[in-house]
2 protein chains.
Amino acid sequence: MAFKSDIEIAREARKLPIVEIGAKLGIGSEDLLPYGHDKAKVSQRFIDSVRDRPTGKLILVTAINPTPAGEGKTTTTVGLGDGLNAIGKRAAICIREASLGPNFGMKGGAAGGGYAQIVPMEDMNLHFTGDFHAITSAHSLLAAMIDNHIYWGNGLDIDIRRVVWRRVVDMNDRALRQVTASLGGVANGFPRETGFDITVASEVMAILCLATDLTDLERRLGNMIVAYRRDQSPVFCRDLQAQGAMTVLLKDAMQPNLVQTLENNPAFVHGGPFANIAHGCNSVIATTTALKTADYVVTEAGFGADLGAEKFMNIKCRKAGLKPDCVVLVATIRAMKMNGGIAKDALAEENVAAVKKGCSNLGRHIDNLHGFGVPVVVAINHFSGDGEAEVAAVQDYVTGRGADAIVSRHWADGSEGAIDLARRVAEIADSGASQFAQLYPDEMSLMDKIRTVATRIYHADDVLADKRIRDQLRQWQDQGYGHLPVCMAKTQYSFSTDPNLRGAPTGHSVPIREVRLSAGAGFVVVICGEIMTMPGLPRHPSAEKIRLNEAGEVEGLF
Amino acid sequence: MAFKSDIEIAREARKLPIVEIGAKLGIGSEDLLPYGHDKAKVSQRFIDSVRDRPTGKLILVTAINPTPAGEGKTTTTVGLGDGLNAIGKRAAICIREASLGPNFGMKGGAAGGGYAQIVPMEDMNLHFTGDFHAITSAHSLLAAMIDNHIYWGNGLDIDIRRVVWRRVVDMNDRALRQVTASLGGVANGFPRETGFDITVASEVMAILCLATDLTDLERRLGNMIVAYRRDQSPVFCRDLQAQGAMTVLLKDAMQPNLVQTLENNPAFVHGGPFANIAHGCNSVIATTTALKTADYVVTEAGFGADLGAEKFMNIKCRKAGLKPDCVVLVATIRAMKMNGGIAKDALAEENVAAVKKGCSNLGRHIDNLHGFGVPVVVAINHFSGDGEAEVAAVQDYVTGRGADAIVSRHWADGSEGAIDLARRVAEIADSGASQFAQLYPDEMSLMDKIRTVATRIYHADDVLADKRIRDQLRQWQDQGYGHLPVCMAKTQYSFSTDPNLRGAPTGHSVPIREVRLSAGAGFVVVICGEIMTMPGLPRHPSAEKIRLNEAGEVEGLF
């Protein structure tokens, strides 16, 4: 039997008009700003009108450390959402938007996969509703205003060697990583070094995803640090009076986007900050709107639970006052085997011993999540070759850790395959068992916050930070930024900072290369390793094959 | 009496749902892709379905050479469209989209003014339906693919000193005019000089506005020259296989946008190429779609008639097989006085002698337009201080040139003020009097085409071009580009290349600084003077005042 590709399945979707999807959540057509017939933004008026309603149950989907075998986090998020609807619960899904640029390098990502997908897939991988373009515009305006300020006399005394606001473009363009700008003489300004990041790495993106409303957005934008003076005092976005115009550029982008699953259930797809230098979650405004309109909200966080879930809890939940009622930790038998030391081309063979060995990674994530006081359900995202004994081995292991592991077949069967998972998740969420607590209080010093994450989540022995880093953290504390959470940027492939250390490594330490203050987003970025904020294209970018075919369909993007 | 501002009038508009506007043109709701409730794109299916219908009458609105007193070309376009509808004709308007970046420098432009405007005004001055963002993305993808090709071995032997494809951003950012890119060592590529233009200056924009459909778009994109080799042979976009992916990025942007006037008449707002290095008209696809759905289509061209109308005739009409049935030449009494030597602060005083003296500019434009075989109506765009004797002087003058001059009060009175103009224009368009003919045949040499425009339109004695320029033109002819029309880039303020020469100068010559081949758009750009393709921001950019007020309205943009 030949499997259908994700795009083939997506194209067969029988989409409902988006107004009917809105109606499922009680959002009237007058409060839906349509973008075509299958996408809409939710009006601010509606969001304001539901502020005092009771809040639904919040379910976070996270995963073990990624392996080339794949986990299917988004697929499980979608499948669980459909599963909850199938058992009669009013559930909505919240995921991130896709970045445009990377689709032209490697083949683009679907939103989910198999029979657990969100549509319209092409749009979501292209311009969608223009949110990322608006972020690029707002970011670019501020950049232009900084150099324009310097050009016209530099009244703010900006040290042009210390402009920290770079430029962005939503394209994989390595030639722009490092440039010298303002060349060409008197008319073009003062030459200086700068560079471009990809749009999702913009602090504007992180802010859009954390802001509670447009007023909060404008305030946070104003608080961004764009440069320093010779005396090292910061120059803020508000000093350039750019935050008002940036907010105008972002006013539509702030409204959550509503789309649907293959099974016509509501999905909010909104925002997409990097999961390393930012917190990697969809927007607070989408999540809170979903929680006011649905009884269950299924959302996900970037990378594995050591990065994604930790930031979801310590940054997003802290800032937005959210409390997860249940966490779903996604694993696959194949990924367990890879964690158990099996090579990618030998994953098809049954190997219970390798599965058992690989469970250490899963187990540590369960323990970490329990440390937040939240109940955990392991979802075994089913692949056709999974052996019964292998599945049983994982289930036994997870039971021993005080959680359940449930096989889910949403990829092949849609909601029907996710009913067991949905039932268990709903039961736990309804039970009120969650006793969510932050890992650290606001008052803890920045260095101690870093140490807390490193020791309690990564299970490292130690944090290595030289005097320059420690002094910088202390300076920010003196300037009033000590209450901020930390945003860890490290490899997603290991609990440690070494991507090759699979399983549940111990005896390692966490070296800090650099710290950055995202004063508008409201966190201190702690960089532990090489972090790339502008990807390049491969030798043969997928763009070479992407085209419209005779039927007007996009080919080569997926 | 206090006049209302354009934005106040626009905010009081009683807009109809866009599906009702579409219905006026026989476009069903299933063929309208909505962007909110007041904007929509027209489906390709609909455009294909009307291809064999009879074509409506095409009316071009152009103007005398601009002066600081203003002419009101767009306002007259809108007023005439509303006027035609008011006298029972089915008329549609076609204008260009606004560029985002410049709105943050100086206050943004309305689409029309007074009671002759197109709405929604805020959206049209912000992201609108995302067309320009799509153009920026497509342009940026090609730029990234060029440097990526060089990075991975440069199999096409591109001379990195001769990459002519620059980058674009829709922002006024002088710091990006000239940059050195690919710095930072081996991982980032081969350092080279380049720079950014504003998005509307992209050849992709010109192509989008000239392409007849997506197939034609892809072909033209492939034909763009992006670089040269050491032997000076061109490297095309298609050599990099970028045109397919660029077309995918542009597939929605190619569909015309439908909005409405204050009086709920249909307006297509689509495309916006520069009027100097490009042809400065709205898209061919919008104009032809309008001509298949309305009996009268009123459109405009950039700058004065010497640039805008000439390019409309010689580039847009030639490429798209269009024939204007009537040309409306807009003038104001105030601009006549300025052309007659009166300073801006003395325009309020009646001065018939100055008006008469200033008519020379108007007269030459009438003669030029008659040279294309098209009937001309002069629209005197009425200002409250205009003296009766002044108006009569213009009317007498125009009658002597074989045309009519009709006072139009659309700014103050909407369609009611434009009824006389509308009646006369409809009469002429219906009469079949137009005997449209191109100014030069395809077969004429490039140098002779330039000479023809310079002598017959600018009334210059001569064209000055050094050997380098003449050799370049000859080389392009040898390469098969000799059949292309020329796209003149010179000052808009004078028939000559000296912006201070008002009226109808003679005895001047046209020096050519540079020629550029836009092989995808299909014209040779002839640069006669300083042409700025990346504007800067002023000392106090309007962005500093732009914000959302408590009512959620945009302040400071207008």
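Please read all numbers here as calculations on a predicted model, not as lab measurements. (Residues numbered from 1 in each chain as written. Chains lettered and ligands numbered in written order. Predicted model: local features only at pLDDT ≥ 70, side-chain atom pairs only at ≥ 80, totals over all residues. Heavy atoms only, no water.)

This paragraph deals with the domain arrangement of chain A. Residue and element names in this part refer to chain A. The domains assigned to chain A are domain 1 (6-129 + 253-431), domain 2 (149-250) and domain 3 (446-528). Distance between the C-alpha centres of domain 2 and domain 3: 25 Å. Taken together, the contact pairs 10 residues of domain 2 with eight residues of domain 3. Carbon and sulfur atoms supply 52% of the area buried between domain 2 and domain 3, which totals about 680 Å² over both sides. In this assembly, domain 2 and domain 3 are joined by zero salt bridges. The interface formed by domain 2 and domain 3 contains five residue pairs in polar contact (both at pLDDT 80 or more). If you list the elements that add at least two residues to the side of domain 2 that touches domain 3, you get helix H7 (203-210) and strand E12 (225-229). For the side of domain 2 that touches domain 3, the element with the most residues is H7, which contributes four residues. Residues that form the side of domain 2 that touches domain 3 fall into these classes: seven nonpolar, one polar and two charged. (Domains from an automatic or database assignment. Contact = heavy atoms within 4.5 Å. Buried area = accessible area lost by both parts, 1.4 Å probe. Salt bridge = Lys/Arg side-chain N within 4 Å of Asp/Glu carboxyl O. Polar contact = N/O pair within 3.5 Å; in protein donor to acceptor, adjacent residues only side chain to side chain. Helix = DSSP H or I, 4+ residues; strand = E, 2+ residues; numbered from the N terminus. Nonpolar A, V, L, I, M, F, W, Y, C, P; charged D, E, K, R; others polar.)

Attention now goes to helix H13 (residues 352-371) of chain B. Residues and elements named next belong to chain B. With 20 residues, H13 should reach 28 Å at 1.5 Å per residue; the first-to-last C-alpha distance of 29 Å fits that figure. Along its length, H13 reaches its greatest deviation from straightness, about 35°, at Ser-360. Every buried residue of H13 is accounted for by Ala-354, Val-355, Gly-358, Cys-359, Asn-361, Leu-362, Gly-363, Arg-364, His-365, Ile-366, Asn-368 and Leu-369. Looking at the residues trailing H13, positive phi occurs at Gly-373, about 80°. (Expected span 1.5 Å × (residues − 1). Bend = angle between axes of the 7 residues up to and from the residue. Buried < 20%, exposed > 50% of the residue type's maximum accessible area, 1.4 Å probe, protein only.)

It is worth spelling out the interface of chain B and chain A at this point. A common way to report how large an interface is uses the accessible area buried once the components associate. In this complex, chain B contributes 62 residues to the contact, which on the side of chain A involves 62 residues. Summed over the shared surface of chain B and chain A, the result is two salt bridges. Of the charged contacts in the structure, one is a salt bridge between Asp173(A) and Arg167(B), with a shortest N-O distance of 2.9 Å. On inspection of chain B and its partner chain A, the count reaches 29 residue pairs in polar contact (both at pLDDT 80 or more). With 10 residues, the single largest contributor to the side of chain B that touches chain A is helix H6 (residues 131-151) of chain B. Split into classes, the residues belonging to the side of chain B that touches chain A amount to 34 nonpolar, 17 polar and 11 charged.

This part covers the relation of the copies chain B and chain A. Between the two copies, chain B and chain A, the superposition gives an RMSD of 0.0 Å; the rotation angle is 180° and the shift along the axis is 0.0 Å. With respect to symmetry, the two chain copies, as superposed, fit the operation of a two-fold axis. (Least-squares fit on C-alpha atoms with pLDDT ≥ 70 in both.)

Moving on, we get to the sheet that holds strand E24 (residues 523-527) of chain B. All names here are of chain B. Strand order in the open sheet formed by three strands is E21-E24-E23, and the pairing between neighbours is mixed. Lying at the two open borders of the sheet, with one neighbouring strand each, are strand E21 (486-489) and strand E23 (514-518). Neighbour-to-neighbour, the strand axes of the sheet open up by a mean angle of 25°, direction not taken into account. Contacts from helix H17 (residues 446-457) reach E21 and E24 within the one sheet, and its direction differs from that of E21 by about 50°. (Pairing = 2+ DSSP bridges. Axes fitted to C-alpha atoms, helices over the stretch in contact; angles between N-to-C directions.)

Residues and elements named next belong to chain B. E24 sits mainly inside the fold: five of its five residues count as buried. Judged by which residues are buried, E24 turns out to be covered on both faces: Phe-523, Val-525 and Ile-527 on one side and Val-524 and Val-526 on the other are all buried. Two elements, E21 and E24, share four bridges in a ladder whose sense is parallel. Bridge pairing in E24 places Met-488 opposite Val-526. Bridging between E23 and E24 involves five bridges; their strand directions are antiparallel. In the strand pairing of E24, Arg-516 is matched with Val-525. Connecting E23 to the antiparallel partner E24 that follows it, the hairpin turn spans four residues, and Gly-522 within it adopts a positive phi of roughly 95°.

A few words on empty space enclosed by the protein. Scanning the model with the defined rule gives eight cavities of 30 Å³ or more in all. Each pocket or cavity is described by its volume, and for the largest cavity that value is around 330 Å³. Taken together, 27 residues form the lining of the largest cavity, with Thr136(A), Val168(A), Val169(A), Thr136(B) and Val169(B) sitting closest to its centre. For the lining of the largest cavity, the secondary structure elements donating two or more residues are helix H6 (131-151) and strand E8 (167-169) of chain A together with H6 and strand E8 (167-169) of chain B. It is H6(A) that provides the largest number of residues to the lining of the largest cavity, a total of five residues. In the lining of the largest cavity, the residues fall into 13 nonpolar, eight polar and six charged. (1 Å grid on protein atoms, 1.4 Å probe; cavity = no way out; pocket = protein on both sides within 12 Å on 5 of 7 lines; lining within 4 Å. Points joined across faces, edges and corners; volume = space filled by probe spheres on them.)

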